[in-house]
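# Fold and geometry: a report
What follows is the residue order along each chain.
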Amino acid sequence: MSSGPGDGPRDGSATRLSGTVLEVRDLSVEYVMERGTVLAVDRVSFDLAAGEFLGIVGESGCGKSTLLFAVAQLLVPPAEITGGSVTFKGRNMVGLTDTELSSVRWKDLSVVMQSAMNALNPVKAIQAQFADAMRAHGVTSKTEIADRSAEVLKMVGIDPVHLKSYPHQLSGGMRQRSMIAMALLFTPDLVIMDEPTSALDVVAQRSLMVQIKELQERLGFAIIFVTHDMSLVSHFSDRLIVMYAGEVAEAGATRQVFDSPQHPYSIGLLEAFPSIRGPRVPLTGIPGSPPDLARIPPGCRFAPRCPKVMSRCTEAPPELYPVDGTLVRCFLHDGEGAGHG
Amino acid sequence: MATVQTPPGPGEAGGGTETAQAEALAPVASAGQPTGLPLGGGGGITGARSLRRMGRAITSNRKATVGTALLVLFILVGLFPGVIAHDNPQAEIYPRSLSPSTQHWLGTTSFGQDIFAQVVWGTRPVLLIAFGVGLLATVVAMMIGVAAAYLGGGWDGTLNVITDVLLVIPLFPLLIIIGSYLHGAGTAVMIAVIAATSWSYTARQLRAQALSLRNRDFLNAAKVRGERPLYIICMEIIPTMTSLLVAAFLTNALYAVLFSSSLQFIGLGDPNVTSWGTMLYWAENNEAFQTGLPLWIIVPGLCIVALGAGFALLNYAFDEIGNPALRPVRSMRRARVQRAR
Amino acid sequence: MRFVLRRTGFFLLTLWVALTLNFVLPRLMPGNPALAIIGKFKGGISPQAVKVLEAQFGVGTHQNVLAQYFSYLGNTATFKFGVSLTTQPGASVGRIVLDAVPWTLGLVGVTTVLAFILGTGIGILAAWRRGGALDGLMPPIFVIMTVIPYFWIGLVLILVFGVKLKLLPYFFTYNFSMTPGFNLAFIGNVAEHAILPAFTLLITTIGIWILTMRNTMITTLAEDYVRMARAKGLPGHRIMLDYAARNAILPNLTGFAMSLGFVVGGAILIEEVFNYQGVGYLLLQAVGNDDYPLMQALFLLITVAVLLAILISDVATAILDPRTRGAG
């Protein structure tokens, strides 16, 4: 059988698809409300190569989840994409209707949400929810559906007998894994994950992350992983984007961003995570709070809280400047230009 | 929901997870509140602050404005009927069954009474009952609901059963039976009887909200300070529930208007009082339609609808204010955004 | 199953409360009013009937209150409700009530189910298509619809369709001159007489369903699992029905049962206005004549009917919502 869900090499070769699988250019998202317009995402751009693991981190309200849903074309009013493009496998998805998107959805691009308790339909058994997705994409044979459902559950380490269970009958970790299994039904090229581990305890978090990483290496899909927990994702991601107030603050290879952050915000974030080893240092946080996105200040958005603020930081907003292979939105680095991104 | 004549759902409404929307809208309303205005930051929100917020909310929502305007109109008419209508409503001194004219704006009844005067003077008894029952029923509902939530355990169970039983027994037939035993008793008795049978619906709502407050930090702080339960209930919990209490008052007042008019229509009201319901009773018994006096029936009925609408619109507006998702949305613009960048 | 058992227990408890209310109320009122009435009619009633009334109302009896209570409960369990005092003096209450039940069942039963189905359907559609003038205009209209007194709208409809336009009949359940029988002419006549009362009941009750379904649906549509269904590329109608409506209807079902109390109240008034010979009309006749035994039997009947409907909707909820089934 040459066509069926989830076809693709399972022999460990990490790239079925080579090249760039996703190009986001100047994506902007606004929330249109009575009290004004809130610019939640401001001209964000990035590329994603096939099989790459991209982590997007930032504090609550920075726009990372909005960005995620915008990429997946899952925004609901009052949120709207107001600019930019999202080119997935060569096709711009912005502006397409749900019907036009349905051929791509789940087969090539799937989504994992934060809380499986809320993301799974409470009145349908797991099996039925898997079947829904498969039937929507032309798989009608009952045996095929049953086989594939069992297969994906085994992939995440769940006994297929739980297919008959309802979401509320499973434990939190199992629910989360079933959601991931569901996302892999067609072995998509890109899986978008919105804080899938935040609802779990620390031990379950790590085990789930390991499993995700292992699945990724085996099946070769790209991941965009949104979280507020920078230290967690940095163990697994290839590249890291740090977001602040709707903009990209810093972007680059994980090791580089994590080991030597350049943006004062990233530095502050990392210093806020105490290390379990190493010398005891006083815990420093970042004073203040993020700006109100309905009234964005002129100049750099981080300026009010920045320990290294200069006078010109409040006059004009900084662009992204390349620094040793990472991009940093900070005037401290606009004079240095060595190397390309 | 605190909507008109709406039966309560099975307890609290479930809120979603922190969606991307919630991220961006954090300073605004809180999702997941069953009804009433958002609670804001928890402990310490005094009654005065809630009221001020309510005032602002009312002026901005059209339904609330219309509802308030209607209520104010009727209250004014009820307080100063003599200013508008100069005739004695009960005096049977005019020619019978007259059509509307400049002397009798709505004509006269088949007993020779001025209909317009009756409508105007009939406002006061209706308002008395509405506010009387509204207050009484809300107080009872508050005491029972909050006590059940706060005391918990066996008390909660018992009070719950009582509330549920009363909720299920058909109230109107019960009122009819009690009314027939108490034939011709006065307005005060009617207020007491209606209040005694209709508190259960709002008691459930108040209990639900009190439950959600029970473990909030400001209450634990009060307990640790050594305050007695009665103090905590009166000075900490109840002021926080101001908006829901107002909603409960409106609901109970609305029920009172409808119930009492219906009872009066059947003939179980106080025969000495001219109110809209009793007008309808006499009108129907004298075949107003067939004898060409349609206004005798139409106008009092319209007043009931208008007064009821005042309460109901205000109540519904509170629902919308508390749950922004229910507000009317602007038409969705298909995202044909291709601004060249 | 435990869920259903619990609900049945609650049902029985409420029934018991209703029975006890019936027993206690006349005794609480100043100068037991039943005394006077029954005394007036005692002559024309059979001795067995008197016994039943004694237990029920404590009239001229030699038993103490507690004994009366148990006799009363026993009588009720064996369907001995006494006799009517004034409506049809001496006739068994049970018989009179039974005659009226089919009319009410037909009118109220059919109309309520219709209103629920239509209202829920409209509510679902209204929530699915947000935006535009209708979305902002509709809720206030329906809110106002829910505060219109049932009896008043009936009167207005009579005025328009019955008196002015002379289109439809509005008095009694069928034309007096016809003899009841299972023939087409009679049934047609009955249907004709039922149009106005049914329509009145429909428009007064449908508003609630539309509103609550719309609001629940809107809240449900914001849930993550609906967004997930979109992400999976499911077709629109499947999302609307299988994911949104199936979840949104659950609180509505519970509400349906709870609101039956109001529907019943409305039905009583509507029957009165249209002289429709159903249970509600009978109740008001009994009230007007101080026919206490009949009144109380009717109250019990109505309560039982409402409880039954609630039980049925609870079972339906248990079937539709796996979370209520408890186990696991």
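Residues numbered from 1 in each chain as written. Chains lettered and ligands numbered in written order. Predicted model: local features only at pLDDT ≥ 70, side-chain atom pairs only at ≥ 80, totals over all residues.

In this assembly, 20 residues from chain C lie in contact with 23 residues from chain A. Elements with a minimum of two residues in the side of chain C that touches chain A: α9 (224–231) and α10 (236–274) of chain C. Examining the composition of the side of chain C that touches chain A, we find that 6 residues originate from one element, α9 of chain C, more than from any other. (Contact = placed C-beta atoms within 7 Å. Helix = DSSP H or I, 4+ residues; strand = E, 2+ residues; numbered from the N terminus.)

Looking now at the sheet that holds strand β4 (residues 79–88) of chain A. Residue and element names in this part refer to chain A. Across the sheet, which stays open at both edges, the 4 strands sit in the order β2-β1-β4-β5 with antiparallel pairing between neighbours. At either margin of the open sheet sits one strand with a lone partner, and together these are β2 (36–49) and β5 (91–92). Examined bridge by bridge, β4 and β5 share 2 bridges and lie antiparallel to one another. Each bridged residue has a counterpart across the sheet, and for Thr87 the counterpart in β5 is Asn92. Helix α1 (residues 64–71) rests against β1 (20–33), β2 and β4 of the sheet, and its axis sits at about 65° to β2. (Pairing = 2+ DSSP bridges. Axes fitted to C-alpha atoms, helices over the stretch in contact; angles between N-to-C directions.)

This next bit is on the pairing of β4 of chain A. Regular strands place their side chains on alternate faces of the sheet. Residues and elements named next belong to chain A. Most of β4 sits inside the fold, with 9 of its 10 residues counted as buried. As defined by bridge partners, β1 adjoins β4 across 8 bridges and the pair is classed as antiparallel. Considered in β4, the bridge of Val29 is made with Ile81. Remark: 2 residues form the turn of the hairpin made by β4 and β5, two consecutive strands paired antiparallel; Lys89 in that turn has positive phi of roughly 50°. (Buried ≥ 20, exposed ≤ 12 C-beta atoms within 10 Å, placed from the backbone.)

Our focus in this paragraph is the pairing of β1 of chain A. Residue and element names in this part refer to chain A. With 10 bridges joining them, β1 and β2 adopt antiparallel strand pairing. Its bridge partner being in β2, Leu22 is matched across the sheet by Leu48. Between β1 and β2, which pair antiparallel one after the other, the connecting turn spans 2 residues.

Residues and elements named next belong to chain A. The terminal C-alpha atoms of helix α7 (residues 202–219), which comprises 18 residues, lie 26 Å apart, in line with the 26 Å expected from a rise of 1.5 Å per residue. Taken residue by residue, α7 has Met209, Ile212, Leu215, Gln216 and Leu219 as its buried positions. Burial along α7 is one-sided: seen end-on, the buried residues are contained in an arc of 130°. Turned more than 90 degrees away from the buried face of α7 sit Val203, Val210 and Glu214, all of them exposed. On its buried side, α7 packs onto β3 (53–57), α5 (142–155), α6 (172–183), β8 (222–227) and α8 (230–234). (Expected span 1.5 Å × (residues − 1). Arc of directions from axis to C-beta.)

Okay, the confidence of the model for chain B next. Residue and element names in this part refer to chain B. When pLDDT is averaged along chain B, the result is 74, and 76% of the positions lie at 70 or above. Note that residues 1–45 has pLDDT below 50 and, in this model, 120 contacts with residues that lie over four places away or in other chains. Below a pLDDT of 50 lies the segment residues 330–341, which in the model reaches 21 contacts outside its immediate sequence neighbourhood of four places, other chains included. (pLDDT = per-residue confidence, 0-100.)

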